[in-house]
Amino acid sequence: MISSTLEGKIQAIQEELKTKKHVLVSFSGGVDSSVVAKLAQEALGSNAIACTAKSETLPELELLDSIRIAKEIGIRHEIINFSELDNPDFVNNDSFRCYHCQYMRFKKMYDLAEKMNIKTVCDGTNASDVKESHRPGLKAISELQVFSPLLEFNVEKEDVREIARFYKLSVSEKPSMACLSSRIPTGILVTAQRLKRIEKAEKMIYDLGFSQVRVRDQNGTARIEVGQKELHMAMRPSFKKQTRDYLLNIGFDQVVVDPMGYSPGGANKPLKN
């Protein structure tokens, strides 16, 4: 079951999508973009296309997940390639890194949409996102006139999860994910080497059974953050030894486990002994 208010918003979104006739959905495989993709596919059928942008900042696990979830939804799925590392402003990693990334990403989306004679590019920005104090990526989305149906119809994050449950999407409880560059503190250069060792470190920890993981690369020191419900597992001596040995082997200088667990934007938290 779903609330009548939320059911009304679903209908309104789908009616609005129908007026677009054809849409390209920026698709990460997270819960937000998956809900938009599902609503678009239901409203437009084959005239809705999901698109995932593959780059050095996208973990391979997330790319594979996006392929799986697109099949689950039943929407056509395109993958485009680009590199944020081609942009010196992104590499320099200032406080507007996400703006540079999103602008490049959506420009690539629009290039594909133009080739397919599609005028509307959608994304999964929801009404909760705009309440956060610093989201420079939203500026790029606004400048490029990306259509954000969840934001347009005031669908907040928990509403998104409720819709995902209603449609029985496997990502309904999936933790929020951010690109690998978000693990690098502002002012430290984003390099292919740093991104790769972060990805390897996180995959190793996911393979141990964790569901929410961040490995912050604080100029060579790896700070491991896991979800609050999994902190007790990360405090075990066996986990600390196993991760330390592996992370040192792939290029980190030292390894610490954050006793406070995962927190959004944690890359810029001061490192404490």
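Residues numbered from 1 in each chain as written. Predicted model: local features only at pLDDT ≥ 70, side-chain atom pairs only at ≥ 80, totals over all residues. Heavy atoms only, no water.

Thoughts on the overall build of the protein chain
- In terms of regular secondary structure, the protein chain is built from eleven helices and seven strands.
- For the protein chain, whose C-alpha radius of gyration is 19 Å, the value lies close to the compact-globule estimate of 19 Å for 273 residues.
- Taken over the C-alpha atoms alone, the protein chain extends approximately 55 × 45 × 30 Å along its principal axes.
- Considering the protein chain as a whole, with its 273 residues, one finds that 52% of them fall into the buried category.
- In the protein chain, 71% of the contacts between residues at least 6 apart in sequence involve partners at least 24 apart.
- Accessible surface for the protein chain amounts to roughly 13300 Å². Of this, 51% is attributable to carbon and sulfur atoms.
- In the protein chain, 39 positive and 36 negative side-chain charges are present, and the distance between their average locations comes to 3 Å. (Helix = DSSP H or I, 4+ residues; strand = E, 2+ residues; numbered from the N terminus. Rg over C-alpha atoms; globule rule 2.2 N^0.38 Å. Buried < 20%, exposed > 50% of the residue type's maximum accessible area, 1.4 Å probe, protein only. Contact = heavy atoms within 4.5 Å. Areas by Shrake-Rupley, 256 points an atom, 1.4 Å probe, with all protein chains shown as cover. Lys, Arg positive; Asp, Glu negative; His and termini not counted. Charge placed at Lys NZ, Arg CZ, Asp CG, Glu CD.)

Overview of helix 8 (residues 157–166)
- All of the buried residues in helix 8 are Val-160, Arg-161, Ile-163 and Ala-164. With its buried residues spanning 160° around the axis, helix 8 presents them on a single face.
- The inward-facing, buried residues of helix 8 contact helix 1 (4–20), helix 2 (31–44) and helix 7 (149–152).
- Backbone geometry just after helix 8 places Lys-168 at a positive phi near 60°. (Arc of directions from axis to C-beta.)

Re the pairing of strand 5 (residues 213–218)
- Among the six residues that make up strand 5, six are buried, leaving the element largely enclosed by the rest of the structure.
- One ladder, built from six bridges, connects strand 5 with strand 6 (residues 221–226); its direction is antiparallel. Bridged to Arg-214 within strand 6 is Glu-225.
- Hairpin remark: strand 5 followed by strand 6, antiparallel, with two residues in the connecting loop; positive phi at Asn-219, about 55°. (Pairing = 2+ DSSP bridges.)

Remarks on the pattern of salt bridges
- Under the counting rule described, the total for this entry stands at 22 salt bridges.
- Measuring nitrogen to oxygen at the nearest pair gives 3.2 Å for the salt bridge that ties Arg-105 to Glu-84. In this pair, Arg-105 is assigned in helix 5 (residues 97–115) and Glu-84 in the loop between strand 3 (76–81) and helix 4 (88–92), connecting sequence segments 21 residues apart.
- In this structure Glu-84 comes out as buried when scored by relative accessible area, which is 0%.
- Residues participating in the shared-partner salt-bridge network are Glu-62, Asp-65, Arg-68, Glu-72 and Lys-174. (Salt bridge = Lys/Arg side-chain N within 4 Å of Asp/Glu carboxyl O.)

Some words on the packing of aromatic side chains
- The full count for this structure, using the stated rule, is three aromatic pairs.
- Seen in terms of ring centroids, Phe-166 and Tyr-167 are 5.1 Å apart; in terms of plane orientation they differ by 80°. Their pairing is edge-to-face.
- Accessibility expressed as a relative area gives 39% for Phe-166, which makes it partly exposed.
- When the ring centre of Phe-147 is taken as reference, the NZ or CZ atom of Lys-20 above it lies at 4.6 Å.
- Positioned above the aromatic ring of Phe-252, the side-chain terminus of Arg-197 is 4.8 Å from the ring centre. (Phe/Tyr/Trp six-rings, centres within 6.5 Å; stacked < 30°, edge-to-face > 60°. Lys NZ or Arg CZ within 6 Å of the ring centre and 35° of its normal.)

Things to note about helix 9 (residues 192–206)
- Between its terminal C-alpha atoms helix 9 stretches 21 Å, which fits the 21 Å expected from 15 residues at 1.5 Å a residue.
- If you check which residues of helix 9 are buried, you get Arg-194, Leu-195, Arg-197, Ile-198, Glu-199, Ala-201, Glu-202, Met-204 and Ile-205.
- Looking at the packing, one finds that the buried side of helix 9 touches helix 3 (60–73), strand 5, strand 6 and helix 11 (237–249). (Expected span 1.5 Å × (residues − 1).)

Some thoughts on the nonpolar core
- Grouped together as the largest cluster of nonpolar side chains are 32 residues, with contacts concentrated most on Leu-17, Val-23, Val-35 and Ile-163.
- Counting residues per element, the ones that place at least two in this core are helix 1, strand 1 (23–26), helix 2, strand 2 (48–54), helix 3 and helix 8.
- Ranked by residues supplied to this core, first place goes to helix 2 with eight residues.
- Once you skip the residues sitting within four places of it in the chain, Val-35 turns out to touch Leu-150, Val-160, Ile-163, Ala-164 and Leu-169.
- In this structure, Met-204, Val-215, Leu-247 and Ile-250 belong to the second largest nonpolar core, which totals 25 residues. (Core = buried A, V, L, I, M, F, W, Y, C linked by side-chain atoms within 4.5 Å.)

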